[in-house]
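Chains, contacts and geometry: an overview
Listed here are the chains, written in short residue letters.
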Amino acid sequence: MIAILLRRCLQSMLVIIGVTTITFATLHLGGDPTYLYVSERATEEEIAATRAKLGFDKPLPEQYLRFAVGLLHADFGTSLIYRTPALGVVLNRFPATLELTLCALSLALVLGIPLGVMAALHRGRPLDGGIMVFATFGQSVPNFWLGLMLILIVGVKWRWLPISGRVPLLDPLFSGEFATAWANLPRALPYLVMPSITIAFFSIARTARLVRSSLLDVLSQDYVRTARSKGLTEWRVIVHHALRNAWMPVITMLGLEFGFLLSGVVVVETVFSWPGVGRLVFNAINHRDIPLVQAAVIMFALVFVGLNLIVDLLYARLDPRVRFG
Amino acid sequence: MTVQSTPPRGRWRRAWRSLWRAKWPLLAAGLLLVMSGVAVFGPFLAPRDPERQDIIARLKAPMQMDRRKQHTYVLGTDGLGRDVLSRLLYGARISLAVGVVAVVLGGALGTSLGLLAGYLGGRLDDAIMALADIQLAFPFILLAIMFLLVLGPGVLNLILALGVGQWVTYARIARGQTIAQRDKEYVEAARALGQGHLGILLQGILPNIVSPLIIVASFNIASVILAEASLSFLGLGVPPTVPSWGGMLAESREQLLAGRWWLAFFPGTAIMLTVLSFNVLGDWLRDFLDPRLTEGSY
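Everything quoted here is computed from the prediction, not taken from an experiment. (Residues numbered from 1 in each chain as written. Chains lettered and ligands numbered in written order. Predicted model: local features only at pLDDT ≥ 70, side-chain atom pairs only at ≥ 80, totals over all residues.)

**Concerning the overall build of chain B**
- Each helix and strand in chain B was counted, giving eleven helices and two strands.
- Helices and strands appear in chain B in the N-to-C order α-α-β-β-α-α-α-α-α-α-α-α-α.
- Along the longest, intermediate and shortest principal axes, the C-alpha atoms of chain B span 80 × 45 × 30 Å.
- Within chain B, the fraction of its 298 residues that count as buried is 46%. (Helix = DSSP H or I, 4+ residues; strand = E, 2+ residues; numbered from the N terminus. Buried ≥ 20, exposed ≤ 12 C-beta atoms within 10 Å, placed from the backbone.)

In structure tokens:
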């Protein structure tokens with residue numbers, strides 16, 4: 001277990017180095033990046049001054065070293081819009097995004113897993129067909145469009161739910177104000193419903209499909225037949241014998257799914273004016289605030305790598321074949 | 001020195017028969033054919049110039065006529081008085097072209113790297129796979145955002161950003177399949193006959209590993225079209241003057257609160273139908289080309 005832990009941590013480090021290097025390289029793809037930092041009407045002197053200030057006149061290896069050392073000191077550059085350290089701006093918005101993503105992930109699991117199990121148990125029958133049709137549709141709908149349609153019908157036409165905004169839930173929780181968070185809960189939920197359904201929709205469909213195929217795979221195994229022939233109830237066979245092993249691919253998917261949901265927030269937060277990192281990135285894109293986008297991208301990458309590390313270790317913990325193999 | 005299990009013509013006939021029996025994939029294929037037709041002949045089919053602005057005919061609902069009773073806007077007009085139907089027909093071009101070309105680009109790149117990694121092994125294999133792991137550990141749409149932000153929007157940059165992001169899937173599959181084929185008798189025979197490495201790879205191994213790649217490509221086009229729509233929605237896709245489905249959706253936001261549903265409904269439906277068709281066709285292709293494979297394999 002320790003060996004696996006060490007190896008995976010080392011791998012994650014490599015991935016992080018790789019990701020930051022790629023981000024650095026992307027910045028220099030279009031030639032001198034100074035022009036991304038100055039306005040179009042900037043004079044030659046201003047451009048030269050910015051170039052010197054940001055160090056873009058130094059040789060590339062030196063720039064890379066400065067960039068890497070900066071990252072190690074949690075220095076992600078200064079946001080051009082906010083004129084404060086980019087990392088701080090991103091971290092400020094992070095609870096909102098985490099809140100939304102966690103809600104979406106729970107939805108994906110709470111709805112996706114039962115749907116998949118039901119489909120597998122009714123294989124070939126109308127229920128299975130119906131769930132699979134839903135899953136195929138779910139994987140084909142652009143999520144921001146779904147959001148727009150929800151706003152149009154549920155928000156504008158029926159006026160059931162608020163179409164934009166947020167009541168903070170995780171922020172007070174993080175700063176230790178549990179009472180505030182608890183008091184905010186009933187007001188916060190209506191704001192969460194539509195954005196999290198929108199983000200989760202694709203994942204619900206994918207989870208249902210994955211659980212179905214994984215369970216069908218397991219159900220055809222010999223040990224399931226043995227369990228049945230021992231005279232166990234169908235419930236016991238499914239829950240204790242089949243599902244236990246069908247979880248494995250689902251757990252692997254979990255980390256990837258979380259990353260997928262995170263990358264979906266950029267558009268969906270914009271649609272619902274949700275004040276999270278995604279909407280921040282959208283604004284930063286529109287104002288060409290490169291350091292801010294860069295900081296957000298690296299932050300997302302760190303979270304993603306960290307999550308996958310946890311998932312992998314969980315996997316090793318749960319599956320002895322990985323631990324000892 | 002190609003090894004073919006069935007003669008090509010028999011295979012096509014079998015494919016057609018299987019497609020005919022399965023109703024939905026046939027419908028999907030038909031729909032995609034129509035979409036391709038629209039993409040190619042869009043300019044001839046469009047009733048109006050998609051760029052033509054008409055202040056008098058602003059925000060007409062579908063099937064409404066203009067004041068001079070000369071023209072019926074079948075799918076309505078947008079905030080600048082541009083015809084939604086015409087923009088939709090022109091937009092098919094961007095979505096399909098970007099989807100297909102990006103996948104062909106990523107597929108070719110990934111397949112070549114995968115073939116080389118699997119066939120040669122050693123350091124090169126390690127290096128390529130390490131690169132693949134790094135990229136997989138990272139939601140690629142974020143990289144695409146960075147990339148487009150630096151290089152600026154445009155069809156070519158969009159294709160590059162989306163295409164380069166796809167290579168990993170193909171490289172991993174091609175590598176695995178190549179390793180499985182590398183030591184088969186027919187490869188040894190080709191080698192004994194003095195065929196070069198490149199010939200063995202392209203004429204011997206490639207035809208035998210192509211079906212899983214085609215299956216993946218079909219699903220991949222679907223997800224690339226979705227990604228393109230997202231990027232266009234964020235304003236990172238094609239320039240706003242070029243009609244694209246994602247761009248139309250982005251513009252529709254301003255009119256949403258006023259309940260002008262048609263501006264968001266039609267482009268979204270077009271994206272959904274296209275993506276759905278590719279997904280349904282991919283499902284059928286998987287069952288047809290490789291019945292052993294199950295759902296989770298890709």
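Now, onward.
**Description of the overall build of chain A**
- Of regular secondary structure, chain A possesses 14 helices and zero strands.
- When its helices and strands are written in sequence order, chain A yields α-α-α-α-α-α-α-α-α-α-α-α-α-α.
- Principal axes of the C-alpha set define a box for chain A whose edges measure 85 × 55 × 40 Å.
- Burial status across chain A gives 40% buried among its 325 residues.
- Counting contacts in chain A only where the partners sit at least 6 residues apart, residues at least 24 apart contribute 72% of the total. (Contact = placed C-beta atoms within 7 Å.)

**Here's the deal with the interface of chain A and chain B**
- Taken together, the contact pairs 46 residues of chain A with 40 residues of chain B.
- Counting residues per element, the ones that place at least two in the side of chain A that touches chain B are helix 1 (2-27), helix 6 (126-138), helix 7 (143-157), helix 9 (178-219), helix 11 (234-271), helix 12 (277-286) and helix 13 (290-318) of chain A.
- Counting residues per element, the side of chain A that touches chain B draws most heavily on helix 13 of chain A, which supplies eight residues.
- Tallied by class, residues from the side of chain A that touches chain B come to 31 nonpolar, 13 polar and two charged. (Nonpolar A, V, L, I, M, F, W, Y, C, P; charged D, E, K, R; others polar.)

**Re the packing of helix 7 of chain A against helix 11 (residues 262-289) of chain B**
- One way to put it is that helix 7 of chain A packs onto helix 11 of chain B with a least axis distance of 10 Å and a crossing angle of 145°. Every pair of crossing elements has a handedness; the one defined by helix 7 of chain A and helix 11 of chain B is left-handed. Contact residues: A:Trp145, A:Leu148, A:Met149 and A:Leu152 in helix 7 of chain A; B:Ala264, B:Gly268 and B:Ile271 in helix 11 of chain B.
- Among the residues forming the contact of helix 7 of chain A with helix 11 of chain B, the class breakdown is six nonpolar, one polar and no charged. (Axes fitted to C-alpha atoms, helices over the stretch in contact; angles between N-to-C directions. Left-handed = near helix turned anticlockwise from the far one by under 90°.)

**Let's talk about the nonpolar core**
- Grouped together as the largest cluster of nonpolar side chains are 167 residues, with contacts concentrated most on A:Val90, A:Val293, A:Ala296, B:Ile145 and B:Leu249.
- Setting aside residues up to four positions removed in sequence, B:Ile145 forms contacts with A:Ile285, A:Val293 and B:Leu236. (Core = buried A, V, L, I, M, F, W, Y, C linked by C-beta atoms within 7 Å.)

**Comments concerning the environment of B:Ala22**
- Structurally, the position occupied by B:Ala22 is in the loop between helix 1 (8-21) and helix 2 (23-45).
- Along the primary structure B:Ala22 and B:Leu273 are separated by 251 residues, whereas in three dimensions their C-alpha atoms are 18 Å apart.

**Let's talk about the environment of B:Gln177**
All names here are of chain B.
- Relative to the assigned elements, Gln 177 resides in helix 7 (residues 167-182).
- As a C-alpha pair, Gln 177 and Asn 208 span 31 residues in sequence and 8.6 Å in three-dimensional space.
- The contact partners of Gln 177, leaving out residues within four places of it in the chain, are Ile 209 and Pro 212.

**A look at the packing of helix 10 (residues 222-229) of chain A against helix 11 of chain A**
Residues and elements named next belong to chain A.
- In the contact formed by helix 10 and helix 11, the axes pass within 10 Å of each other and the chain directions differ by 150°. Relative to helix 11, helix 10 is oriented roughly antiparallel. Along this stretch, helix 10 crosses helix 11, giving a crossing that reads as right-handed. When helix 10 is examined against helix 11, the residues Tyr 223, Val 224, Ala 227 and Arg 228 are found in contact with a partner set consisting of Val 237, His 241 and Ala 242. (Parallel < 35°, antiparallel > 145°, perpendicular 65-115°, else oblique.)

**Thoughts on unusual backbone geometry**
- For A:Ala74, which is not glycine, the phi dihedral falls at a positive 60°.
- Position of A:Ala74 relative to the elements: it lies in the loop between helix 4 (60-72) and helix 5 (86-121).

**Here's the deal with the environment of B:Phe265**
- Structurally, the position occupied by B:Phe265 is in helix 11.
- For the pair B:Phe265 and B:Val150, spaced 115 residues apart in sequence, the C-alpha to C-alpha distance is 32 Å.

**Digging into the confidence of the model for chain B**
All names here are of chain B.
- Within chain B, residue pLDDT values average 84, and 93% of them lie at 70 or more.
- The secondary structure element of chain B with the lowest average pLDDT is strand 1 (residues 64-65), at 72, and the one with the highest is helix 3 (residues 84-120), at 92.
- Note that pLDDT drops below 50 for residues 294-298; the model gives that stretch eleven contacts with residues more than four away or on any other chain.
- As a predicted assembly, this complex carries a pTM of 0.88 together with an ipTM value of 0.86. (pLDDT = per-residue confidence, 0-100.)

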